[in-house]
Amino acid sequence: MYRAGFACFVGRPNAGKSTLTNAIVGQKIAITSNKPQTTRHVIRGILHRPDAQLVLVDTPGLHRPRTLLGERLNDLVREVWSETDVIGVCFPADEPIGRGDRFISSEISELKAKVIAVVTKVDLVDPATLAQRLLAVSELYDFAEIVPVSAVSGHQVETLTDVLVKHLPESPQLYPDDVLTDEPEQVLIAELIRESALEGVRDELPHSIAVMVEEMLVEGKLTRIYADLYVERDSQKSIVIGTRGARLKEVGSRARTEIENLLGRRIYLDLHVRVAKEWQRDPKQLRKLGF
């Protein structure tokens, strides 16, 4: 019997959803960071097995929105929920159950999809703490199954994959064998640049950075990529650029390595930092930046 369908991981920001998506697909398709709200796009990663095709949808963290961008990201999550066959609600083992977890658990009660609980980051806690978390999670909602995992150590990642596949409908495959993601190349590249820019910036900056790939030119074995990083204020621009451009150079060199791994060829990366005042609250600028 062959199964194929869509599963998504949801949870509050920084619950380990993107890291888990990458671990199951076996390749980096979603950017990760220890900053909350790293994911801003719905990214689909596709796992091919002899008996099934699992299309994993990585979503932004559901949160209390403070900007128009925040509201749009929450709407995106709810849209994905309504279209998937299985929902994995992620609860980080190293944090107690909070108001955000209860809110998400109450929201999913309306949905038709099969809902499982995924307790992530189990490598960060001792067995006694893990037992407490599993009990607390089981009291939140009548989950079809509860699976503790660690994407970092690989603990029970295969078990989780089996559980997700088990709840998919019988169906012919949905994507060709060689497709790992249906995300456009330019979006993936912009995300890798943003991930690099998030490294080491001050806490106030993560939400203010957006990236647009303006142009990609293939010249023989070299691909030239021209991209703009957008921030909301001049003071943020100087943080991203750093003293004599040192930070931006570091961002570019880190991103270039990741993009070359993604594309499998040599690239030239040209980055510019631009100010788009209060873009997170401006519908016109949000549209321009792809939200």
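Quick note: structure is the one above.
Quantities reported herein were computed from a predicted structural model and do not represent experimental measurements.

### Observations concerning the side chain of Thr161
Here comes step 1: Assignment of secondary structure puts Thr161 in helix H5 (residues 157–166).
Here comes step 2: If near-sequence neighbours (up to four positions away) are discounted, Thr161 is found in contact with Ile24, Leu47, Arg49 and Leu54.

### Details of the pairing of strand S5 (residues 114–120)
Here comes step 1: Burial runs high along S5: 6 of the 7 residues are buried.
Here comes step 2: The sheet contact formed by strand S4 (residues 86–92) and S5 spans 7 bridges and is parallel. In the sheet register, Gly88 faces S5, and the bridge partner there is Ile116.
Here comes step 3: Each parallel crossover has a hand, and the one from S4 via helix H3 (residues 99–107) to S5 is right-handed.
Here comes step 4: Where S5 and strand S6 (residues 146–148) come together, 3 bridges link them in parallel fashion. Residue pairing for S6: Val119 is matched across the bridge by Pro148.
Here comes step 5: Handedness of the crossover joining S5 and S6 through helix H4 (residues 127–138) is recorded here as right-handed.

### Let's talk about the environment of Asn22
Here comes step 1: Here Asn22 lies in helix H1 (residues 17–25).
Here comes step 2: Owing to a relative accessible area of 13%, Asn22 belongs among the buried residues under this scheme.
Here comes step 3: In the structure, Asn22 is positioned 34 residues away from Leu56 in sequence and 9.5 Å away in space, judged by C-alpha atoms.

Rules used in this analysis
Residues numbered from 1 in each chain as written. Predicted model: local features only at pLDDT ≥ 70, side-chain atom pairs only at ≥ 80, totals over all residues. Heavy atoms only, no water. Helix = DSSP H or I, 4+ residues; strand = E, 2+ residues; numbered from the N terminus. Contact = heavy atoms within 4.5 Å. Buried < 20%, exposed > 50% of the residue type's maximum accessible area, 1.4 Å probe, protein only. Pairing = 2+ DSSP bridges. Right-handed = clockwise from strand over helix to strand, strands pointing away.

By themselves, these figures tell us nothing about what the structure is for.
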